Amino acid sequence: MVHDALKSAKARPLWHDPEIMPEVQPALCADEKCELLIVGGGFTGLWAGLQTRERNPQADIILIEQTFVGDGASGRCGGFINTSLAHGKTNTEAQFPGECEQLAELGTKNLKELLETLERYDIDARYEKTGEMYVSLDEESTHRLRQNYESMKASGADVVWFDKEQVREQVNSPTFHAGIWDRGGQDGVIDPARLCFGLKHVLLTLGVRIYEGTRLINLESVGKTGMRAVCAGGVIYSDKVLIATNAFPSKISRIRRSVIPVWDYQIATEPLTNEQCEAIGWHKSRHALADFVNMFHYFRMTKDNRITYGGGGAVRYYYNRGTHIDLMDAPARYEQLVREFFETFPQLEKLGVRFSNMWGGIIATSTRFSMVPGTAYGGRVAWSVGYTGHGVSASRFGARIAIELLGYAPSDILKLQFVTKKALPWAPEPLRWLGVKLTQQALIKADRNGGRRGLWLKFLDWLGLGFTC
Ligand SMILES: Cc1cc2nc3c(=O)[nH]c(=O)nc-3n(C[C@H](O)[C@H](O)[C@H](O)COP(=O)(O)OP(=O)(O)OC[C@H]3O[C@@H](n4cnc5c(N)ncnc54)[C@H](O)[C@@H]3O)c2cc1C
């Protein structure tokens, strides 16, 4: 059944619909000069270009991308968009004590401004304000979910509690025990590639030069005032460089130590028929969903009533920082996701649901489970990387930090620990692989035990490295 369901799935992100893919910009083929060079055509690079341009319309900017804009995590993600800058309240409090409230305000403002920008430039990213819903999968985690609900309610959040019967009225899955729906604010879903392509179009209109198929090979300083970026087709001389390469291998050792690439896989169904929609009832509520466990799935509906489904047990870290494109060809991961999907929605298996797309992407994971900004070369190079699975809106804020670090209208945000505190580096291999493996096993075990954390996770918590959803 699993094989049948995947039989005609294309190995391509659903979002990379050939009908909407924009023309690829030519690769660099001669030496160039500019004020600001941006390396990486994902959300961070694109937002950095736009925000710099808005702050300084005269800034002469080049953006280079090794393949095509939106080919990294940004054009492959789930498209859940929210206000979180540091991966939820628990992690924010643990990593940046005393800054929780301020980061929550900044995150809310960031999302509001992001959506206003889409309106301003007429970018149709297929935004839907769905809120976010977490569902518990057993009695013990229902208890923890309820505690979360009480504390969110007490802090004034607009949240709704669904008991077993109610949650299944919203989305009919025999695995759901309860749910909380955070419906306040502007959280929702977007089509991430449409956002990338829309931003690319705006940058081109504003005169930013974009070279696709152009990889940064080497970066070095020219005296004390400039930078020299050696690329496949030429050299780019610039005053400043913004690195927006996230999980990909970096020339800068501090970036290499800050993030590890974790592969996350997704599948997408064909548009559901009316009968399939009625069988789960989700098309009426259209919540953006995640299960309330450590190894969580995230799943959502698209405008044309497909379901995209990712995460869960298919997430992998490959030994020694595997980022090679071949790692996307992972039939066992896709089959596992289909099995997990049918456990969640057995009705859809009976009704013969088929999958149209399967794809993978790389999540840049930092030890603090949130972005890591930094500078090098006397402040001429800046970056923001490592959003750890929460980067759709946070990358706009990461881009803002990076451009401010480069001197484009710096503000008080640069004084936050969120910016100044150094991230713990990842251990070298093979310790890193071993640590990630142990942690993944421990998280799976905790999920089986209703969230109770074993010794290894408690030890990580004590070190400030424990992941809590
Ligand atoms: C499967 C998946 C699901 C996700 N789901 C969500 C979600 O639902 N919600 C959420 O908030 N976040 C999600 N994320 C995380 C989010 O997508 C990322 O945090 C965000 O897109 C990071 O953007 P970025 O621009 O920093 O990185 P990327 O989009 O990865 O962009 C980096 C770019 O740099 C380019 N590059 C790398 N090296 C070079 C070089 N040497 N020269 C030139 N170019 C180079 C790459 O080709 C790439 O295009 C998900 C991530 C994945 C992988």
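For clarity, every value in this text was computed on a predicted model and none was experimentally measured. (Residues numbered from 1 in each chain as written. Predicted model: local features only at pLDDT ≥ 70, side-chain atom pairs only at ≥ 80, totals over all residues.)

So, on to the pairing of strand β18 (residues 381-385). Burial of β18 is extensive: five of the five residues sit out of reach of the surface. Where strand β11 (residues 234-243) lies against β18, three bridges are found, and the strand directions are parallel. Each bridged residue has a counterpart across the sheet, and for Val 241 the counterpart in β18 is Val 381. Pairing of strand β17 (residues 372-376) with β18, which is carried by five bridges, proceeds in the antiparallel orientation. Residue Ala 376 lies in a different strand from β18, and its bridge partner there is Val 381. In sequence, β17 turns back onto β18 through a hairpin of four residues, with Tyr 377 there showing a positive phi of about 50°. (Buried ≥ 20, exposed ≤ 12 C-beta atoms within 10 Å, placed from the backbone. Helix = DSSP H or I, 4+ residues; strand = E, 2+ residues; numbered from the N terminus. Pairing = 2+ DSSP bridges.)

Quick look at the site of the ligand now. Near the ligand lie 40 residues; those nearest to it are Gly 42, Gly 72, Gly 78, Gly 361 and Gly 391. Residue assignment for the shell around the ligand shows that the elements contributing at least two residues are α2 (43-55), β12 (259-269) and β16 (355-366). (Near = placed C-beta within 6 Å.)

On to the sheet that holds β16, then. With respect to topology, eight strands assemble into an open sheet ordered β5-β6-β4-β13-β14-β15-β12-β16, the strand pairing being mixed. The open sheet has two free edges, formed respectively by β5 (159-162) and β16, since each of these has just one partner strand. Looking at each pair of strands side by side, their axes are set apart by 20° on average, direction ignored. Against the sheet, helix α5 (residues 139-154) contacts β4 (132-136), β5 and β6 (178-182), and its axis sits at roughly 25° relative to β6. (Axes fitted to C-alpha atoms, helices over the stretch in contact; angles between N-to-C directions. Contact = placed C-beta atoms within 7 Å.)

Our focus in this paragraph is the domain arrangement of the protein chain. Split into domains, the protein chain comes out as domain 1 (128-189 + 260-366) and domain 2 (431-463). Relative to domain 2, the C-alpha centre of domain 1 lies at a distance of 22 Å. A per-element tally of the side of domain 1 that touches domain 2 places α5 first, with three residues. For the side of domain 1 that touches domain 2, the per-class residue count stands at five nonpolar, two polar and three charged. (Domains from an automatic or database assignment. Nonpolar A, V, L, I, M, F, W, Y, C, P; charged D, E, K, R; others polar.)

Turning next to the packing of α2 against helix α7 (residues 192-205). Where α2 contacts α7, the two axes come as close as 10 Å, and the packing angle between them is 30°. Taken as a pair, α2 and α7 cross one another with a handedness that is left-handed. Taken together, the residues of α7 that come into contact with α2 (itself represented by Phe 43, Leu 46, Gly 49 and Leu 50) are Cys 196, Leu 199, Lys 200, Val 202 and Leu 203. Broken down by class, the residue content of the contact of α2 with α7 amounts to seven nonpolar, one polar and one charged. (Left-handed = near helix turned anticlockwise from the far one by under 90°.)

Turning our eyes to something else, we now look at the packing of helix α15 (residues 431-448) against helix α16 (residues 455-463). Their axes nearest at 9 Å, the elements α15 and α16 cross at an angle of 115°. By the angle class used here, α15 and α16 are roughly perpendicular. The crossing of α15 and α16 is left-handed. Each of Leu 438, Thr 439, Ala 442 and Ala 446 in α15 lies in contact with α16, whose residues at this interface are Trp 456, Leu 457 and Leu 460. By residue class, the composition of the contact of α15 with α16 is six nonpolar, one polar and no charged. (Parallel < 35°, antiparallel > 145°, perpendicular 65-115°, else oblique.)

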